[in-house]
Amino acid sequence: MRLDAITFWVRIAGLFLLRSRRTTTVLSLMVLLSVATLIFLSSMAVGINDAMVRNSVSLYSGHVSGFDLAVALEPASLERKGVAAVVRRLESQGLLQRDNRFERITLVTSDPAEEIRSAALWRKIVAGRHPQAGKAEILLSRYLAQRLQVRPGDQLHFRQNLDSPPVTLLVSGLYHTGVEKLDRNLVFCPLQVIAGVPAGWSAAIFLHDGANPEDIVVQYRKLLGESANFKTWHELMPDLRQLIDLNYVSMSIVIFIVFGLVALGVSSAFVIFMLKNLREYGIVKAMGVTPLEISFLIATEVGMMNFAASCGGVALGVVVTSLVSNTGIDLTAFTSHNRYFAVSGIVIPRLTVYSLWAPPMIAFCFGLAASIWPAVLVVRSRTADILRGG
Amino acid sequence: MVRALGVGKIYRSGRRQVEALCNVSCAVERGTTLAVVGKSGSGKTTLLNCIGGLERPDRGTVTCLGMDIHALSRRSLSLFQRQHLGFVFQFGNLLSYLTVYENIGFPLALNGVPKKERDGRVLGLLERVGLRDSQQALPRELSGGEVQRVSFARAVAHGPQVLLADEPTASLDSDTARDLVQLMLDVVQEQASSLIVSTHDPVVIDLADNIMHLRDGKVVDEERYSTL
């Protein structure tokens, strides 16, 4: 078809839609609301994934964890675009003693102010408070406190092994995260409280929203060499990674199923609309419009309607998502016992390129598919039959 | 110009078969008018549909401007119809979503007539059918007579060599019908087209060159009013 012919048919399709106002509006509304709903749902799915990641990494490990870093390496040298904070932690193994009770623990020393600013473990304190800088205080899990039969304000002794001299520490608080790995034998205390310099330090690197942890690791490996031991949360939490992937897959399936159903509804409505207007297609056939032109006309009518409705749907979806993302949706009632929501049950929907293009694209494709049956019906029917039956 | 030879058409509905046309033959030369006359259900519309390529006959051939139109492919038949044929339907059959102006311009645009020329021809036809003031009206805003006049203007806009009119005056009062028929005959004469019109309107029958009577799908009588 030549360009002027295409322009002519597009104009005719436009007039058809414009002057069949009521039907066009009803059909468009179906598509518009479906697209907007799916954009919001997929941004909610992204928001839930974000919340799970945020909850999981913000509690302790950060988006990227560095291990065995040289003591001379300053945390500031790991700051890059996308990095929100680098928390230096020194880890040492040892024993906690209370009377005749001993527990093997990992003691993590770090700057309390930096911990509170960057990590969210302090929010999971169930008794007492976070240790303060320069004070010989420790924060331990509720589980460990029960094992050692201590409470905030009690004293404990830390020793690196049975032969080393004990360091007396005050229990400042107890925490409980619901994450088994953290709730066992991890104990926190401020820097410089324990004598002796460990051979290396660990880094918990927290990123801004949208920053890619893999990119940050690549940059660190460029800086410190390929052997630098950095791991993203993807590697450290494969279960979370799988859960997020599963979420995306199930959301995509939902989008396809919902649109399959919507497309069925739209195509049924469109077929009814077409049958109602079948006589008009018979008239244009009688005037010598070729099968290709009729198919193009029908596809253009459906395509234009879907395009306009999809644009409206995207706009509505963006507006609704933006409004909801200002406050987020509090799902604490459904997440309070879930370890992936240990810090907060608030889900903030987030728009992504996928959530913006997938629903309108699917609407457009399904809409075009819905136009096939009416087009075939008109092309294959005899003009006289259409005019008689119309 | 138009020749139908031994045309037969049977409609099947379940076990029932209705012979709509049985061995009908006719010929219409350039610049002449054939009135196909008969009662409702006599096969008039079926014959016009077969001649215009809207319906495929079960038997016989239809030759239009030397082409066996039912031997053409779908696309070729469509292109033949858009260039050489014009239809006036019983109830106008205007495109409801186009204005009067756009309806008349539709076949011209289909035939690739440039916009300037198209505008001139549409306005000329609107003047001729007396609807210049209604050019922006939609079909639903027109009376039955106006719809038929627009339908006629649309049918002749691209200067077809064969004009097929299926009971064009059936829904009109006698004065409006007479005006329309006179207009049709005038334009057909100017364009040197052939007109085949199915009717039982005495006004049309009076003015036609040739008359063919159909009854139950069969030709029962042929009259020639003027020499070919």
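Refer to the structure presented above.
Novice: Can you help me understand the interface of chain B and chain A in this one?
Specialist: Where interface size is given, it is often the accessible area lost as the parts come together that is meant. Taken together, the contacts link 20 residues of chain B with 16 residues of chain A. Of all elements in the fold, only helix 2 (74–84) and helix 3 (100–110) of chain B reach the threshold of two or more residues within the side of chain B that touches chain A. In terms of residues, the side of chain B that touches chain A owes the most to one element, helix 2 of chain B, which gives six residues.

Novice: Looking at this model, I keep getting lost on the nonpolar core. Mind explaining?
Specialist: Soluble globular proteins: nonpolar side chains tend toward being buried together. A:Val187, B:Val36, B:Ile51 and B:Ile196 are the most contacted members of the largest nonpolar core, which has 159 residues in total. Here this core takes 18 residues from helix 2 (residues 21–61) of chain A, the largest share from any one element. Residues within four places of B:Ile196 in sequence aside, it is in contact with B:Val2, B:Val28, B:Leu34, B:Val36, B:Leu48, B:Ile51 and B:Leu164.

Novice: Help me understand unusual backbone geometry, please; the structure alone is not making it clear to me.
Specialist: One non-glycine residue, B:Asn23, lies in the positive phi region at around 50 degrees. Tracing the chain through its elements places B:Asn23 in strand 2 (residues 16–28).

Novice: So what exactly am I meant to see when it comes to the pairing of strand 2 (residues 83–98) of chain A here?
Specialist: Working note: regular strand, side chains alternate between the two faces of the sheet. All names here are of chain A. Judged from the six bridges that link them, strand 2 and strand 9 (residues 200–207) form a sheet pairing that is antiparallel. Among the inter-strand pairings, arginine 89 is bridged to a residue of strand 9, identified as serine 202. As paired elements, strand 2 and strand 3 (residues 101–110) share ten bridges and run antiparallel to each other. By the bridge assignment, glycine 94 is partnered in strand 3 with isoleucine 105. In textbook terms, the turn of a hairpin is the stretch between consecutive antiparallel strands, and for strand 2 and strand 3 this stretch comprises two residues, one of which, aspartate 99, has a positive phi near 55 degrees. Both strand 2 and strand 6 (residues 155–159) contribute to a ladder of three bridges, which runs antiparallel. Paired with leucine 95 across the bridge in strand 6 is arginine 159.

Novice: Could you clarify how one ought to interpret helix 12 (residues 353–370) of chain A in this entry?
Specialist: With 18 residues, helix 12 of chain A should cover 26 Å at 1.5 Å per step; its first-to-last C-alpha distance of 26 Å lies within 8% of that length. Looking only at helix 12 of chain A, the buried set comprises A:Ser355, A:Ala358, A:Pro359, A:Pro360, A:Ile362, A:Ala363, A:Phe366, A:Gly367 and A:Ala370.

Novice: Honestly, the packing of helix 1 (residues 3–19) of chain A against helix 10 (residues 291–327) of chain A in this entry has me stumped. Any pointers?
Specialist: The geometry of a pair of packed helices is captured by two quantities: the angle between their axes and the separation between those axes. All names here are of chain A. Look at helix 1 against helix 10: their axes get within 9 Å of each other, and the N-to-C directions meet at 55 degrees. The angle between helix 1 and helix 10 falls in the class oblique. Here helix 1 runs over helix 10; the crossing is right-handed. Between helix 1, through Trp9, Val10, Ile12, Ala13, Gly14, Phe16 and Leu17, and helix 10, the contact on the second element is made entirely by Glu293, Phe296, Leu297, Thr300, Glu301, Met304 and Met305.

Novice: How should the packing of helix 3 of chain B against helix 4 (residues 115–128) of chain B be read in this particular structure?
Specialist: Residue and element names in this part refer to chain B. At a minimum axis separation of 10 Å, helix 3 and helix 4 run at an interaxial angle of 135 degrees. Considered as vectors, helix 3 and helix 4 are oriented oblique to each other. Between helix 3 and helix 4 the crossing geometry is right-handed. Where helix 3 abuts helix 4, its residues Tyr101, Ile104, Gly105, Leu108 and Ala109 lie against Arg118, Arg121, Val122, Leu125 and Leu126. Among the residues making up the contact of helix 3 with helix 4, the classes are represented as seven nonpolar, one polar and two charged.

Reading the values: the criteria
Residues numbered from 1 in each chain as written. Chains lettered and ligands numbered in written order. Predicted model: local features only at pLDDT ≥ 70, side-chain atom pairs only at ≥ 80, totals over all residues. Contact = placed C-beta atoms within 7 Å. Helix = DSSP H or I, 4+ residues; strand = E, 2+ residues; numbered from the N terminus. Core = buried A, V, L, I, M, F, W, Y, C linked by C-beta atoms within 7 Å. Buried ≥ 20, exposed ≤ 12 C-beta atoms within 10 Å, placed from the backbone. Pairing = 2+ DSSP bridges. Expected span 1.5 Å × (residues − 1). Axes fitted to C-alpha atoms, helices over the stretch in contact; angles between N-to-C directions. Parallel < 35°, antiparallel > 145°, perpendicular 65-115°, else oblique. Left-handed = near helix turned anticlockwise from the far one by under 90°. Nonpolar A, V, L, I, M, F, W, Y, C, P; charged D, E, K, R; others polar.

Read these as spatial facts, not as claims about activity.
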